[in-house]
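# Examining the three-dimensional arrangement
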Amino acid sequence: DRILAAGLKNDITVKAILRRSPGKVSPGAAVSFAATRADNRQTIGQFSTATPSDANGEVSVRYTAGDTPYRGAVFITATHDASGVAGRTQLQIVD
């Protein structure tokens, strides 16, 4: 499991890798990120500004849960802005 301690000073890098078949993803694609609590789907935390995809289709962003009393699972979703295709991973917010 991916683990992140709550608090504004704690953050984690989140990467999305865009893939295309056949061919290769064009650099500069925009991806939006969202984080939701697993228990009630409320938005939690904040992201830095995402970088556009590079020549390898990689996009990265920094995420912090912030000062929250919530401890538990958070779903991180990355969505390709142009197509709406999305992928999701999970992390745990801990003390």
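Source: prediction; values computed, not measured.

## Description of the sheet that holds strand β2 (residues 12–17)
Here we have three strands laid out as an open sheet, ordered β2-β5-β4, and antiparallel in their pairing. Two strands lie at the open edges of the sheet, namely β2 and β4 (46–47), each paired on one side alone. Where β2 and strand β5 (residues 58–64) come together, six bridges link them in antiparallel fashion. Along β5, the bridge assignment pairs Thr13 with Arg62.

## Observations regarding unusual backbone geometry
Of note, the bond from Ser21 into Pro22 is cis; its omega dihedral lies within 30 degrees of zero at 0°. Tracing the backbone shows Pro22 in the loop between β2 and β3 (31–37). Of note in this structure, Arg41 is not a glycine but carries a positive phi near 65°. Inspection of the secondary structure puts Arg41 in the loop between β3 and β4.

## Overview of the sheet that holds strand β6 (residues 72–80)
Taking strand neighbours across the sheet as the criterion, the four strands line up as β1-β7-β6-β3 in an open arrangement whose pairing is mixed. Because the sheet does not close on itself, it has two edges, and the strands there are β1 (2–5) and β3. Pairwise comparison of adjacent strand axes, ignoring direction, gives a mean angle of 30° for this sheet. With eight bridges connecting them, β6 and strand β7 (residues 86–94) associate as antiparallel partners. Residue Phe75 lies in a different strand from β7, and its bridge partner there is Gln90.

## With respect to the pairing of β5
As judged from the two bridges shared by β4 and β5, these two strands associate in the antiparallel manner. Residue Phe47 lies in a different strand from β5, and its bridge partner there is Tyr63.

## Description of the side chain of Thr68
Locating Thr68 in the fold gives a position in the loop between β5 and β6. Assessed through its relative accessible area of 16%, Thr68 is described here as buried. At 3.1 Å, the side chain of Thr68 forms a polar contact with the backbone nitrogen of Tyr70. In contact with Thr68, not counting residues within four places along its chain, are Ala6 and Ile44.

## Comments concerning the nonpolar core
The biggest cluster of nonpolar side chains holds 22 residues, and the ones touching the most others in it are Phe33, Tyr63, Val74, Ile76 and Leu91. Sorting the residues of this core by element identifies β2, β3, β5, β6 and β7 as the ones contributing at least two each. With sequence-adjacent residues up to four places away left out, Ile76 is seen in contact with Val14, Phe33, Ala34, Ala35, Phe47, Tyr63, Gly87, Arg88, Thr89 and Leu91.

Parameters and conventions
Residues numbered from 1 in each chain as written. Predicted model: local features only at pLDDT ≥ 70, side-chain atom pairs only at ≥ 80, totals over all residues. Heavy atoms only, no water. Pairing = 2+ DSSP bridges. Helix = DSSP H or I, 4+ residues; strand = E, 2+ residues; numbered from the N terminus. Axes fitted to C-alpha atoms, helices over the stretch in contact; angles between N-to-C directions. Buried < 20%, exposed > 50% of the residue type's maximum accessible area, 1.4 Å probe, protein only. Polar contact = N/O pair within 3.5 Å; in protein donor to acceptor, adjacent residues only side chain to side chain. Contact = heavy atoms within 4.5 Å. Core = buried A, V, L, I, M, F, W, Y, C linked by side-chain atoms within 4.5 Å.

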